Amino acid sequence: MAMQISPSILSADFARLADEAKKVEGVADWLHVDVMDYHFVPNLTLGLPVVQALLAATSIPIDCHLMIQDPDRWAVGYAEAGAGSVTIHVEATKAPVRTLRAIGAAGARRGIALNPGTAIEAYEDLLPEIDMILLMTVEPGFGGQKFLDMVMPKVRRTRAMIDKWDGEVWLQVDGGVSAETIERCAEAGADVFVAGNAVYGSADPAQAVRNLRARISR
Ligand code: DX5
Ligand code: ZN
């Protein structure tokens, strides 16, 4: 299982996004972009025009995490723009199969995200329709929050579910992932790690990515 790091630009300088993306090019596997709409979460960040500008400005694949109402209407646009991965929240979608198939048809990896209080078991039947499951390890909306250990049993159950199904589905954790918490996520079965504050809150984001990777490559 290859371990991947996806730094979140939510903690980067929004006035210098291209420069911030370049800081982790060649070091990180993905650039995690948090799209928030003031409705699904109590914060507002950026949308498709900014993602398009980022895609033109960086060679690092974009990992779009849509924390928005009505992803069934908006998600495919991010895939068509060229995002490498597009993740929708199960709490927001009303037609996950149709939306995930549209994302896949547009050439992006298909992801579903679950909030800390949402159980995974109801979504087992979606395994053939997805490439990644994102488990939130904070309530979504803001960077720099405290890691929620209560999600770890769900990470284990999700890992067991994926292994039993035997397809190729990645398991991403997002929220409060740091040098202190990344190892317990990996032990529980995660293989893609989003880190905002731990990377962009550091004076040397590239080195922060290397440090995180070193902790889980042992
Ligand atoms: C929170 C976002 C996260 C956030 C993580 O709602 O989905 O991607 O940027 O930031 P940290 O790593 O600082 O918790
Ligand atoms: Zn995120």
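**Things to note about the coordination of the zinc ion (ligand 2)**
Those protein atoms acting as donors to the zinc ion (ligand 2) are His-32 (NE2), Asp-34 (OD), His-65 (ND1) and Asp-174 (OD), and they sit at 2.1 to 2.3 Å. In this structure, the zinc ion (ligand 2) is coordinated by six donor atoms arranged in octahedral fashion, with angles at the metal of 71 to 172 degrees. Motif for the zinc ion (ligand 2), donor spacing along one chain: H-x1-D-x30-H-x108-D. Remark: Asp-174 occurs in strand β7 (residues 170–174) and His-65 occurs in strand β3 (residues 62–67); sequence separation between them is 109 residues.

**Some words on the site of ligand 1**
Among the 21 residues in the neighbourhood of ligand 1, the closest are listed as Ser-8, Gly-141, Asp-174, Gly-176 and Gly-196. Contact distances for ligand 1 include 2.8 Å between an oxygen atom and a side-chain N or O atom of Ser-8. Separating an oxygen atom of ligand 1 from a backbone N or O atom of Asn-197 is a distance of 2.9 Å. Across the complex, the protein chains shield 99% of the 380 Å² of accessible surface that ligand 1 would expose by itself. In this structure the site holding ligand 1 corresponds to the largest pocket. Among the secondary structure elements, those contributing two or more residues to the shell around ligand 1 are β2 (31–36), β3 and β8 (192–195). Among the elements that line the shell around ligand 1, the one with the most residues is β2, at three residues.

**Section: the nonpolar core**
Counting 60 residues, the largest nonpolar core has Ile-9, Leu-31, Leu-66, Val-86, Ile-133, Val-155 and Phe-193 as its most contacted members. The next biggest cluster of nonpolar side chains, apart from the first, holds five residues, and it includes Met-36, Val-41, Met-67 and Ala-92.

**Focus: the packing of aromatic side chains**
Summed over the entire model, instances satisfying the criterion amount to one aromatic pair. Between Trp-30 and Trp-170, the ring centres sit 6.1 Å apart and the planes meet at 70 degrees, which makes this aromatic pair edge-to-face. One end of the pair, Trp-30, is in the loop between α1 (17–22) and β2; the other, Trp-170, is in strand β7, and 140 residues separate them in sequence. Summarising the burial analysis for this pair, Trp-30 and Trp-170 share the class buried. Above the ring of Trp-170, the side-chain terminus of Arg-109 is found at 3.4 Å from the ring centroid.

**Describing the side chain of His-32**
Relative to the helices and strands, His-32 is located in strand β2. For His-32, the side chain forms a polar contact with the side chain of Asp-63, separated by 2.9 Å. Excluding its chain neighbours within four sequence positions, the residues that come into contact with His-32 are Ser-6, Pro-7, Ser-8, Ile-9, Asp-63, His-65, Leu-134, Gln-172, Asp-174 and Val-194.

**Comments concerning the environment of Leu-46**
Along the chain, Leu-46 falls in the loop between β2 and α2 (48–57). It is 16 Å that separates the C-alpha atoms of Leu-46 and Pro-7, two residues lying 39 residues apart in sequence. Those residues in contact with Leu-46 that sit more than four places away from it in its chain are Ile-9, Phe-14, Leu-17, Val-33, Asp-34, Val-35, Met-36 and Val-51.

**Regarding the pairing of strand β5 (residues 109–114)**
Extensive coverage of β5 is indicated by the burial of five of its six residues. Sheet topology places strand β4 (residues 85–89) next to β5; five bridges connect them, and they run parallel. Considered in β5, the bridge of Ser-85 is made with Arg-109. Handedness of the crossover is the feature at issue here: the chain leaves β4, passes through helix α4 (residues 96–105), returns alongside β5, and the resulting connection is right-handed. Looking at chain direction, β5 and strand β6 (residues 132–136) are connected through four bridges and run parallel. In the strand pairing of β6, Ile-112 is matched with Ile-133.

Calculation rules
Residues numbered from 1 in each chain as written. Chains lettered and ligands numbered in written order. Predicted model: local features only at pLDDT ≥ 70, side-chain atom pairs only at ≥ 80, totals over all residues. Heavy atoms only, no water. Donors = N, O, S within 2.8 Å, 3.2 Å for Na, K, Ca; no water. Tetrahedral: all angles 85-135°; square planar, octahedral: opposite > 155°, others 65-115°. Helix = DSSP H or I, 4+ residues; strand = E, 2+ residues; numbered from the N terminus. Near = heavy atom within 4 Å. Polar contact = N/O pair within 3.5 Å; in protein donor to acceptor, adjacent residues only side chain to side chain. Areas by Shrake-Rupley, 256 points an atom, 1.4 Å probe, with all protein chains shown as cover. 1 Å grid on protein atoms, 1.4 Å probe; cavity = no way out; pocket = protein on both sides within 12 Å on 5 of 7 lines; lining within 4 Å. Sits in = over half its atoms within 2 Å of the grid points. Core = buried A, V, L, I, M, F, W, Y, C linked by side-chain atoms within 4.5 Å. Buried < 20%, exposed > 50% of the residue type's maximum accessible area, 1.4 Å probe, protein only. Phe/Tyr/Trp six-rings, centres within 6.5 Å; stacked < 30°, edge-to-face > 60°. Lys NZ or Arg CZ within 6 Å of the ring centre and 35° of its normal. Contact = heavy atoms within 4.5 Å. Pairing = 2+ DSSP bridges. Right-handed = clockwise from strand over helix to strand, strands pointing away.

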